[in-house]
2 protein chains.
Amino acid sequence: MPTITSVDVIDVRFPTSATLDGSDAMNPDGDYSAAYVVLGTDGHTDGDLDGDLSGHGLTFTIGRGNDLCVAAARQIGARLAGRDVDEVAGDLGGLYREIMSDSQLRWLGPEKGVVHLSAAAVLNAAWDLAARRAGKPLWRLIADMSPEELVAACDFSYLSDVLTPLDAVEMLARLAPTRQARIAVLAESGYPAYTTSAGWLGYPDDKLRRLCREAVAEGWTHVKLKVGANLDDDLRRLAIAREEIGDRALMIDANQVWDVPRAIEWVNRLAPFQPLWIEEPTSPDDVLGHAAIRKAVAPVGVATGEHCHNRVMFKQLLQAGAIDYCQIDSCRLASVNEIVPVLLMAAKFGVPVCPHAGGVGLCELVQHMSIVDYVCVSGKLEGRVLEYVDHLHEHFTDPVRIRDGRYLLPERPGYGARMHADSIAAYRYPDGSAWAR
Amino acid sequence: MPTITSVDVIDVRFPTSATLDGSDAMNPDGDYSAAYVVLGTDGHTDGDLDGDLSGHGLTFTIGRGNDLCVAAARQIGARLAGRDVDEVAGDLGGLYREIMSDSQLRWLGPEKGVVHLSAAAVLNAAWDLAARRAGKPLWRLIADMSPEELVAACDFSYLSDVLTPLDAVEMLARLAPTRQARIAVLAESGYPAYTTSAGWLGYPDDKLRRLCREAVAEGWTHVKLKVGANLDDDLRRLAIAREEIGDRALMIDANQVWDVPRAIEWVNRLAPFQPLWIEEPTSPDDVLGHAAIRKAVAPVGVATGEHCHNRVMFKQLLQAGAIDYCQIDSCRLASVNEIVPVLLMAAKFGVPVCPHAGGVGLCELVQHMSIVDYVCVSGKLEGRVLEYVDHLHEHFTDPVRIRDGRYLLPERPGYGARMHADSIAAYRYPDGSAWAR
């Protein structure tokens, strides 16, 4: 009976602002960061790095304030110290409900902001621990759960006007008999993806052109560009991208810089370049605004979700017909417990889930959720593409593997967020060697 | 030219969970707390407590996590140290925009949760400083601003589909010539209010009955009760309240415990007691849910807002026809800069603003916003009632003054959140004398 013997939360930051990697119209100079949670145990496991059983999770931030998430994750995680690993892994729904029902911390959101991001970090570590204990990648741990078990782990509160737990069991049960066939498809061909690495706003034109050309050569069928700072720049940059990528799919991302009328005007000016979607055209809170924009810019699709702070907001985006693409994030929503209900609602409304990734470890984490969507929830790949950004993967013990513009199926145990000890030591803030310089 | 010489943020907590004051269906055991900001200066002022010019603001929490707001407010407030007081007071819109445009901290919301609450604390202190510098209560500082000056201090971003700055100037200008007449009305009769002190969920029936009877004797015309934990209890408690208060207005507050179908069912069971409104029937994020509930429980009104995290959410509550009463909070929204645009939108939609108060210092702060609503924005008192809770006022240097169920017009300089030094020393967490015991 292994026990959780330590709960450590570490402030890890990468000085990405120096290179303008990750620059966009709203966030010109982020330092990609993680509030990184390690659940240490006295247990052992075959097949993991050092034979020690542990759980690793994180939430993603862009620098200042990462310390606030570290402090919140310490408070939230403290309750795990001394717990029996089998009990925690056996009732991840109970752990979620326990964390969410701390009414004093809840007041600071509720279910949003620093506290919710930090709950995601702790719960991501708990799911990782459960997967490592079982010796399975997270997606397989979930694919091996019965519909009833998975639903019991999820949060359906405030969702019953759209989806009840009973509806969810029915939806999952319908696809359960054919899960293995879809796993075989992914093992064969991987999961479809797109790249954002070419199109950061701070890159000069020649770098943009070169990166688009490289993306085509690498087999990418979908490319995304940042827009929204200057209309003339956008027109010129989209022309360059179209020249290079031909009739491949082109997506654009405004990172929330517009109000509703301006979004409509600007996107319609860019429409001749036939973008597949406009991402985050306005405030992530503005469900009705997204619905108005979607109506006015069709056939350009509307995508949002990386800052959509909880399942209740996703419920409304779907109810209002506000989105064509549902962009869940593994660290903004409170882990698997909250993400699976969003996958279910999106499937019910027929909206494809195309997760947000990039940042620190988001690709490593969220690939599991796209796989769960295909294998267990929607059963579809049509219209789905999973974001890929070529940043910081070298710091992870099990980095994502990309081939011909597709994610390969993860095979190693866990949820994927474990970082190398050397990387943590170097980028720990403010005393790691990368910051001490 | 006085200068801001210090920015202190103090963790102040009151052990209110011991008495069940403030208990409701979602928050059974809050310890009412404040992340309390003091802007010290080397200036002097006539008419303030000690002759020293300073600014005092806070955000309100219910215990655990107050330290997170303290840490965030320290980061946000640090930029004020060394600034010229006249420059800060002369451009509070600029200060707001500077604070909100820190894109790294913004990521942690955006505009919600710990970071936004803490921005409110710092900005509340800056507005308090400006009012003390001018020797005026905050409401009068604002009533003495031209429509253009007030609009320049406000945040209209993401609102232009409902309200532009130009619309706002027009609305304010229409009422500007008659401001003095409305001030005279308030000086004569005070601002209408209601009491929540009788109806906390943890109080036994005989205490509820006694407090209702006292409320009537004190001149209250509106009384609010907490509901939502147990339907039979609610039916019994509402019967007691109705017996005692007769045909005075009775409001009920569920503090977010229901999903949409359950809210409709439960409120319709309580409808025979003719509540004026049901407050927070479901998740504060659920704009469309509130709209559905409002349709199904009329003529019972729907009220929400104390957890409505920013102006974009209020915009949607109004656009969707989701609320009959708009319950702004002085610490959840980012101070005057964000509250005034909400007052303007509510006036445009014809929805009365009935602020949330109680907590620690919320009555002291938000009374100024109701006065600004009447004097500058809506020009109306009809349908407006300002919450009053008889808690913790003794810790403030300028506590609210209530007579015959109405707030008297504040006369002393500032925004009202200044606490006695003795109170701060006693309730500072964890080392104050009240906690050391």
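All values reported here derive from a predicted model rather than from experimental measurement.

Caption draft 1: How the structure looks around the overall build of chain A. The secondary structure content of chain A amounts to 18 helices and 12 strands. Taken against the 2.2 N^0.38 rule, which gives 22 Å for 437 residues, the C-alpha radius of gyration of chain A at 21 Å falls within 12% of a compact globule. Expressed as a percentage of its 437 residues, the buried residues of chain A come to 66%. Long-range contacts, defined as pairs at least 24 residues apart, comprise 75% of the intrachain contacts of chain A with a sequence gap of at least 6. When the accessible surface of chain A is totalled, it reaches about 14100 Å², and 50% of it is carbon and sulfur. Put simply, chain A has 42 plus and 60 minus side-chain charges, and the middle of one group is 3 Å from the middle of the other.

Caption draft 2: Summary view of the interface of chain A and chain B. Each side of the interface is counted separately: chain A has 58 residues, and chain B has 58 residues. Both sides together, the interface formed by chain A and chain B hides about 4900 Å², and carbon and sulfur atoms give 55% of it. If you sort the residues of chain A by the area they bury against chain B, R64, Q104 and W107 of chain A come out on top, with a joint share of 18%. Summed over the shared surface of chain A and chain B, the result is 6 salt bridges. Between D285 of chain B and K112 of chain A there is a salt bridge whose closest N-O contact spans 2.9 Å. Remark: the boundary between chain A and chain B carries 34 residue pairs in polar contact (both at pLDDT 80 or more). For the side of chain A that touches chain B, the element with the highest residue contribution is helix α1 (residues 66-77) of chain A, accounting for 6 residues.

Caption draft 3: Inspection of the nonpolar core at higher detail. Core analysis: the biggest nonpolar cluster contains 299 residues, and I328 of chain A together with I328 of chain B have the highest contact counts within it. Composition of this core by domain shows at least three residues from each of domain 1 (4-137) and domain 2 (178-422) of chain A. With sequence-adjacent residues up to four places away left out, I328 of chain B is seen in contact with F314, L333, I339, V342, L343, V353, P355, H356, V366 and M369 of chain B.

Caption draft 4: Fine view of the domain arrangement of chain A. All names here are of chain A. Entries for chain A in the domain assignment read domain 1 (4-137) and domain 2 (178-422). Of note, the centres of domain 1 and domain 2, computed from C-alpha atoms alone, are 23 Å apart. Contact residues are listed per partner, giving 45 residues for domain 1 and 45 residues for domain 2. A per-residue breakdown of the area domain 1 buries against domain 2 is headed by F14, A25 and P137, which together make up 15% of the total. Applying the counting criterion to the domain 1 and domain 2 interface returns 1 salt bridge. Linking E111 and R311 is a salt bridge whose minimum nitrogen-to-oxygen distance equals 3.2 Å.

Caption draft 5: Geometry of the packing of helix α8 (residues 165-175) of chain B against helix α15 (residues 335-349) of chain B. Residue and element names in this part refer to chain B. Where α8 meets α15, the axes come as close as 11 Å, and the angle between the chain directions of the two elements is 75 degrees. One way to sum up the angle between α8 and α15 is to call them roughly perpendicular. Contacts between α8 and α15 involve D167, A168, M171 and L172 from the former and L344, A347 and K348 from the latter. For the contact of α8 with α15, the per-class residue count stands at 5 nonpolar, no polar and 2 charged.

Caption draft 6: Molecular detail of the relation of the copies chain A and chain B. Superposing chain A onto chain B takes a rotation of 180 degrees combined with a translation of 0.0 Å along the rotation axis, leaving an RMSD of 0.0 Å. The operation mapping one copy onto its partner corresponds to a two-fold rotation axis. When C-alpha distances to the rotation axis are compared across chain A, the minimum falls at G113 of chain A, with a value of 2.1 Å. Same-surface contact between copies: 100% of interface residues of chain A are shared with the interface of chain B.

Caption draft 7: The UniProt feature "domain: Mandelate racemase/muconate lactonizing enzyme C-terminal" (unreviewed entry) in chain A, seen in detail. Listed under "domain: Mandelate racemase/muconate lactonizing enzyme C-terminal" (unreviewed entry) in the UniProt record, and renumbered for this structure, are residues 205-300 of chain A. Overall, residues 205-300 of chain A shows 52% helix and 14% strand. The separation of its end C-alpha atoms is 24 Å.

Caption draft 8: Layout of the packing of α1 of chain A against helix α1 (residues 66-77) of chain B. At a minimum axis separation of 10 Å, α1 of chain A and α1 of chain B run at an interaxial angle of 170 degrees. With respect to α1 of chain B, the axis of α1 of chain A lies roughly antiparallel. Contact residues: D67, L68, A71, A72 and Q75 of chain A in α1 of chain A; D67, L68, A71, A72 and Q75 of chain B in α1 of chain B. Tallied by class, residues from the contact of α1 of chain A with α1 of chain B come to 6 nonpolar, 2 polar and 2 charged.

Caption draft 9: Examining the sheet that holds strand β3 (residues 52-61) of chain A more closely. Residues and elements named next belong to chain A. Across the sheet, 3 strands lie side by side as β1-β2-β3; this open sheet has antiparallel pairing. The outermost strands of the open sheet, each flanked by one partner alone, are β1 (4-13) and β3. Averaged over all pairs of adjacent strands, the angle between strand axes in this sheet comes to 15 degrees, irrespective of strand direction. In this structure, β1 lies alongside strand β2 (residues 33-44), joined through 9 bridges in antiparallel fashion. The residue of β2 that forms the bridge with I4 is T41.

Caption draft 10: Molecular detail of the side chain of T397 of chain B. Relative to the helices and strands, T397 of chain B resides in the loop between β10 (386-388) and β11 (402-403). Setting aside residues up to four positions removed in sequence, T397 of chain B forms contacts with L49, R412, R418, M419 and H420 of chain B.

Caption draft 11: Highlighting unusual backbone geometry. Residue P299 of chain A is bonded to the preceding A298 of chain A through a cis peptide linkage, with omega at 10 degrees. Within the secondary structure layout, P299 of chain A lies in the loop between α13 (287-297) and β8 (301-304). In the segment running from Y429 of chain B into P430 of chain B, the intervening peptide bond is cis, with an omega of 0 degrees. When you line up the elements, P430 of chain B lands in the loop between α17 (421-427) and α18 (433-436). Located in the positive-phi region is E111 of chain B, a residue other than glycine, with phi close to 55 degrees.

Caption draft 12: Inspection of the sheet that holds strand β3 (residues 52-61) of chain B at higher detail. All names here are of chain B. The strand order across the open sheet built from 3 strands is β1-β2-β3, with neighbouring strands paired in antiparallel fashion. The outermost strands of the open sheet, each flanked by one partner alone, are β1 (4-13) and β3. Neighbour to neighbour, the strand axes of the sheet diverge by 15 degrees on average, direction disregarded.

So, how was this worked out
Residues numbered from 1 in each chain as written. Chains lettered and ligands numbered in written order. Predicted model: local features only at pLDDT ≥ 70, side-chain atom pairs only at ≥ 80, totals over all residues. Heavy atoms only, no water. Helix = DSSP H or I, 4+ residues; strand = E, 2+ residues; numbered from the N terminus. Rg over C-alpha atoms; globule rule 2.2 N^0.38 Å. Buried < 20%, exposed > 50% of the residue type's maximum accessible area, 1.4 Å probe, protein only. Contact = heavy atoms within 4.5 Å. Areas by Shrake-Rupley, 256 points an atom, 1.4 Å probe, with all protein chains shown as cover. Lys, Arg positive; Asp, Glu negative; His and termini not counted. Charge placed at Lys NZ, Arg CZ, Asp CG, Glu CD. Buried area = accessible area lost by both parts, 1.4 Å probe. Salt bridge = Lys/Arg side-chain N within 4 Å of Asp/Glu carboxyl O. Polar contact = N/O pair within 3.5 Å; in protein donor to acceptor, adjacent residues only side chain to side chain. Core = buried A, V, L, I, M, F, W, Y, C linked by side-chain atoms within 4.5 Å. Domains from an automatic or database assignment. Axes fitted to C-alpha atoms, helices over the stretch in contact; angles between N-to-C directions. Parallel < 35°, antiparallel > 145°, perpendicular 65-115°, else oblique. Nonpolar A, V, L, I, M, F, W, Y, C, P; charged D, E, K, R; others polar. Least-squares fit on C-alpha atoms with pLDDT ≥ 70 in both. UniProt positions renumbered as here; feature names shortened; annotations may be inferred. Pairing = 2+ DSSP bridges.

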